[in-house]
Amino acid sequence: MNSSGKSSILLTGGGTGGHLAIVRAVKEELLKRGIKPYYIGSTAGQDRNWFEDDEDFEEKLFLPSKGVVNKKGVAKLSSLMEVLRSAMRAGRFMKSRSVDAVLSVGGFSAAPASFAAVALRAPLFVHEQNAVSGKLNRILKPFAKSFFNSYGNGAVSYPVSDIFFEKARIRESVESVIFLGGSQGARAINDFALSVAPKLKGRGIKIIHQTGGADLARVKMGYEKQSIEADIFPFSKEIAEKIAEADFAVSRAGASTLWELAANGIPTLFVPYPYAAGDHQYHNAKYLADKDAGWVLREEELRRESFWKIIEDEDMQRVSERLRQEAKRGG
């Protein structure tokens, strides 16, 4: 406990939207409980875009850490040295603020503060967002006071922002479909959306489509060539409202997106990113599919007839209700 008399917890991790969404959700819960949140992220990735102007944190620190796993030789050594230098800075930051504990949510952004917590013997809590643990979390697990995720035995509620629960509803029929490729977009999902769009239009089903920034112009032109109106956007901070408006989703299976969709109760066909480390997106989606709470197809299995069979033959209300059972609001 610091000099103000309030407990303080440092949140660390990021790089991608999936990790950062967890940070945001946990920050919201800490504030409700009167706990002071600090944040350490990276100058690389999306960390600054999400939190540089976020005044809810007591303080933030962005360090020049980068991923190490996929590097070799001199580049790997350089990245490791940068992580060590950043860990020293993180340690000084934590000591001067009298941080009580550290919660790491993974990603390369989490390395400096997590290693600093180990060195300082500060209580370290590790959240693994995926069904398959990342390398950093496997390294940290023996040093963690608690290690938890939202899959299998002993699972805990995944940290999801309240808005996804607040806007949740049970779907009974499909009058609108949302296509989600993650914050970076997914060309395979974008192409698939364009291929089923004419039939969706013919059935009067509204199309909502997050394309990712790099593919926005091409996808927009694809709809225009087919004279199809759609709600098209690269990325939106109002994604909870977009999801709530839809009745069915076709989506990647990053953990944050998966659990946000589950919390909102929207039946989803998951199309995992095929190059995710440890094939974790497939295992994330399979966890729900095995519980009859969604569907999963790999990119090479994705067919229009499979999509239409789900839309036409499956019981959306049953799946929607199962999703609401799986996604519990954290206590």
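Residues numbered from 1 in each chain as written. Predicted model: local features only at pLDDT ≥ 70, side-chain atom pairs only at ≥ 80, totals over all residues. Heavy atoms only, no water.

Some words on the nonpolar core
- Within the largest apolar cluster, 73 residues are counted, with the highest numbers of intra-cluster contacts made by Phe179, Leu200, Phe248, Trp259, Leu269 and Phe307.
- For this core, the leading source of residues is helix H7 (residues 187–202), giving seven residues.
- Beyond its immediate chain neighbours, meaning those up to four positions away, phenylalanine 179 contacts Ile189, Phe192, Ala193, Val196, Leu200, Ile207, Ile208, His209, Gln210 and Val250.
- In this structure, Leu10, Tyr38, Leu63 and Phe93 belong to the second largest nonpolar core, which totals 22 residues. (Core = buried A, V, L, I, M, F, W, Y, C linked by side-chain atoms within 4.5 Å. Buried < 20%, exposed > 50% of the residue type's maximum accessible area, 1.4 Å probe, protein only. Helix = DSSP H or I, 4+ residues; strand = E, 2+ residues; numbered from the N terminus. Contact = heavy atoms within 4.5 Å.)

Details of unusual backbone geometry
- At serine 98, a residue that is not glycine, the phi angle is positive and equals roughly 50°.
- By secondary structure assignment, the location of serine 98 is in the loop between helix H3 (73–96) and strand E4 (101–104).
- Residue class for serine 98 comes out partly exposed when judged on its relative accessible area of 35%.
- One non-glycine residue with positive phi stands out, namely aspartate 292, at about 60°.
- Position of aspartate 292 among the secondary structure elements: in the loop between helix H11 (280–289) and strand E12 (295–296).

Details of empty space enclosed by the protein
- Within this structure, the stated rule accounts for one cavity of 30 Å³ or more.
- Here the largest cavity is characterised by a volume of approximately 40 Å³.
- Lining the largest cavity we find Ala21, Ile22, Tyr158, Pro159, Val160, Ser161, Ser256 and Glu260.
- For the lining of the largest cavity, the elements supplying multiple residues, two or more each, are helix H1 (17–32) and helix H10 (255–264).
- Across the lining of the largest cavity, the residue classes break down as five nonpolar, two polar and one charged. (1 Å grid on protein atoms, 1.4 Å probe; cavity = no way out; pocket = protein on both sides within 12 Å on 5 of 7 lines; lining within 4 Å. Points joined across faces, edges and corners; volume = space filled by probe spheres on them. Nonpolar A, V, L, I, M, F, W, Y, C, P; charged D, E, K, R; others polar.)

A short note on the environment of arginine 322
- Within the secondary structure, arginine 322 sits in helix H13 (residues 316–326).
- When the C-alpha positions of arginine 322 and leucine 288 are compared, they lie 9.2 Å apart, and in sequence the two are 34 residues distant.
- Excluding its chain neighbours within four sequence positions, the residues that come into contact with arginine 322 are Lys291, Asp292 and Ala293.

Brief notes about helix H4 (residues 111–120)
- When H4 is considered as a whole, its buried residues turn out to be Ala111, Pro112, Ala113, Ser114, Ala116 and Ala117.
- Arginine 121 sits one or two residues past H4 and shows a positive phi near 60°.

Notes on the pairing of strand E5 (residues 124–127)
- In terms of strand pairing, E4 meets E5 through three bridges, oriented parallel. When the sheet's bridge partners are listed, serine 104 is paired in E5 with valine 126.
- Between the parallel elements E4 and E5, the chain passes through H4 in a crossover that is right-handed.
- Here E5 runs beside strand E6 (residues 146–148); their pairing, made up of three bridges, is parallel. Within E6, the residue paired with valine 126 across the bridge is phenylalanine 147.
- Regarding the hand of the β-α-β motif, the stretch spanning E5, helix H5 (residues 135–140) and E6 is right-handed. (Pairing = 2+ DSSP bridges. Right-handed = clockwise from strand over helix to strand, strands pointing away.)

A short note on the sheet that holds strand E9 (residues 231–233)
- As summarised here, the arrangement of the six strands in space is E9-E8-E7-E10-E11-E12, forming an open sheet in which the pairing is parallel. Each edge of the open sheet carries a strand with a single partner, namely E9 and E12.
- With three bridges joining them, strand E10 (residues 248–251) and strand E11 (residues 268–270) adopt parallel strand pairing. Residue alanine 249 lies in a different strand from E11, and its bridge partner there is threonine 268.

Details of the pattern of salt bridges
- Per the stated rule, a full pass over the model turns up 21 salt bridges.
- Linking glutamate 59 and arginine 97 is a salt bridge whose minimum nitrogen-to-oxygen distance equals 2.8 Å. Of this pair, glutamate 59 sits in the loop between helix H2 (47–51) and strand E3 (60–63) while arginine 97 sits in the loop between H3 and E4, and the two are 38 residues apart along the sequence.
- For arginine 97, a relative accessible area of 24% gives the class partly exposed.
- One network of salt bridges, with partners in common, ties together Arg187, Asp191, Asp215 and Arg218. (Salt bridge = Lys/Arg side-chain N within 4 Å of Asp/Glu carboxyl O.)

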